[in-house]
Amino acid sequence: MPTRINLDHRGIDLNSVRCPVCDEDVETEEHIFVHCNLARKIWKDVLLWWHVYNVNVLGLLEAINLVDKVNLPPPLSTLFDAVVQTTLWFLWRYRNEFAFAPKRPNLDFLFNDIKLFSFNWIANRHKNISINWIEWFDNPCNTLSIPL
Ligand SMILES: [Zn+2]
């Protein structure tokens, strides 16, 4: 990935290799997707939204495969995995907007965008799964009316 530290290792001269979002550490994949304060906040929000407790995202591979750590029955596990992948994509997008867009992205919209885009992607990619938007936004575990 073209993180600042990876670009620096390839000889591209940058003003800084620190995270453009928090400026608290070197920008690696692990930092962007797991350890940055922004990522920690978003993973916490996602897990609470899904009523997943006692699970922490400690590394990038763990984040990518988070569905394996969460005990959800299918097809909820499929939906949760789509949310995880959407979250990773949005963390990368937020970082890029923060670094390159003329206007700083609004952090208040990030979590709602993850909810909205994951809903849209699931609704459009899984024609055999019918999910209710209102339930999805409030409690995705109830979206299919499957008791947990
Ligand atoms: Zn950071």
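What to know about the packing of aromatic side chains
Piece 1. One pass over the structure, following the stated rule, counts 14 aromatic pairs.
Piece 2. Between Tyr94 and Phe98, the ring centres sit 6.0 Å apart and the planes meet at 35 degrees, which makes this aromatic pair tilted. Of the two residues, Tyr94 and Phe98 are both situated in helix α5 (residues 76–100); the distance of four residues between them amounts to about one turn of the helix. An identical accessibility class is assigned to Tyr94 and Phe98; each is buried.
Piece 3. Aromatic pair Phe117 and Trp121: ring centres 5.8 Å apart, planes at 70 degrees, arrangement edge-to-face. With Phe117 and Trp121 both in helix α6 (residues 107–125) and four residues apart, the pair spans about one turn of that helix.
Piece 4. When its relative accessible area of 28% is taken as the criterion, Phe117 is described as partly exposed.
Piece 5. Its relative accessible area of 37% is what places Trp121 among the partly exposed residues.
Piece 6. Three or more aromatic residues joined by ring pairs form one cluster here, namely Trp49, Trp50, Phe80, Phe111, Phe119, Trp133, Trp136 and Phe137.
Piece 7. Over the ring of Phe117 we find Arg93, and its NZ or CZ is 5.9 Å from the ring centre.
Piece 8. A cation over an aromatic ring shows up here: Lys115 above the ring of Phe137, its NZ or CZ 4.2 Å from the ring centre.

Some thoughts on a nonpolar patch on the surface
Piece 1. Together, Leu116, Trp133, Ile134 and Phe137 make up an exposed nonpolar region whose accessible area comes to about 360 Å².
Piece 2. The leading source of residues in the nonpolar patch is helix α7 (residues 133–138), at three residues.
Piece 3. Relative to the helices and strands, Phe137 resides in helix α7.

A word on the nonpolar core
Piece 1. Residues Trp43, Trp50, Leu66, Leu79, Phe80 and Trp136 are the most contacted members of the largest nonpolar core, which totals 44 residues.
Piece 2. Apart from residues lying up to four places away in sequence, Leu66 is in contact with Trp43, Leu47, Val55, Val57, Phe80 and Val84.

What to know about the coordination of the zinc ion
Piece 1. Listed as protein donors to the zinc ion are Cys19 (SG), Cys22 (SG), His31 (NE2) and Cys36 (SG); their distances from the metal cover 2.1 to 2.3 Å.
Piece 2. Of note is the zinc ion, whose four donor atoms meet at the metal with angles of 99 to 116 degrees in an arrangement that counts as tetrahedral.

Structural notes on the UniProt feature "domain: Reverse transcriptase zinc-binding" (unreviewed entry) in the protein
Piece 1. UniProt annotation of "domain: Reverse transcriptase zinc-binding" (unreviewed entry) refers to residues 2–43 when read in the numbering used here.
Piece 2. Strand forms 0% of residues 2–43 and helix 48%; the C-alpha atoms that close the span are 22 Å apart.

Re the side chain of Thr143
Piece 1. Relative to the helices and strands, Thr143 resides in the segment after α7.
Piece 2. Apart from the residues within four sequence positions on either side, Thr143 is in contact with Leu79, Ser130, Ile131, Asn132, Glu135 and Trp136.

Topic: the packing of helix α3 (residues 37–49) against α6
Piece 1. At a minimum axis separation of 11 Å, α3 and α6 run at an interaxial angle of 45 degrees. In terms of their interaxial angle, α3 and α6 are classed as oblique. For α3 against α6, the interelement crossing comes out right-handed. Note on element contacts: α6 touches α3 through Leu107, Leu110, Phe111, Ile114, Lys115 and Ser118, opposite Leu38, Ile42, Asp45, Val46 and Trp49.
Piece 2. For the contact of α3 with α6, the per-class residue count stands at eight nonpolar, one polar and two charged.

The rules behind each value
- Residues numbered from 1 in each chain as written.
- Predicted model: local features only at pLDDT ≥ 70, side-chain atom pairs only at ≥ 80, totals over all residues.
- Heavy atoms only, no water.
- Phe/Tyr/Trp six-rings, centres within 6.5 Å; stacked < 30°, edge-to-face > 60°.
- Helix = DSSP H or I, 4+ residues; strand = E, 2+ residues; numbered from the N terminus.
- Buried < 20%, exposed > 50% of the residue type's maximum accessible area, 1.4 Å probe, protein only.
- Lys NZ or Arg CZ within 6 Å of the ring centre and 35° of its normal.
- Patch = residues over 30% accessible without salt bridge, like charges linked within 9 Å, V, L, I, M, F, W, Y side chains within 5 Å.
- Areas by Shrake-Rupley, 256 points an atom, 1.4 Å probe, with all protein chains shown as cover.
- Salt bridge = Lys/Arg side-chain N within 4 Å of Asp/Glu carboxyl O.
- Core = buried A, V, L, I, M, F, W, Y, C linked by side-chain atoms within 4.5 Å.
- Contact = heavy atoms within 4.5 Å.
- Donors = N, O, S within 2.8 Å, 3.2 Å for Na, K, Ca; no water.
- Tetrahedral: all angles 85-135°; square planar, octahedral: opposite > 155°, others 65-115°.
- UniProt positions renumbered as here; feature names shortened; annotations may be inferred.
- Axes fitted to C-alpha atoms, helices over the stretch in contact; angles between N-to-C directions.
- Parallel < 35°, antiparallel > 145°, perpendicular 65-115°, else oblique.
- Left-handed = near helix turned anticlockwise from the far one by under 90°.
- Nonpolar A, V, L, I, M, F, W, Y, C, P; charged D, E, K, R; others polar.

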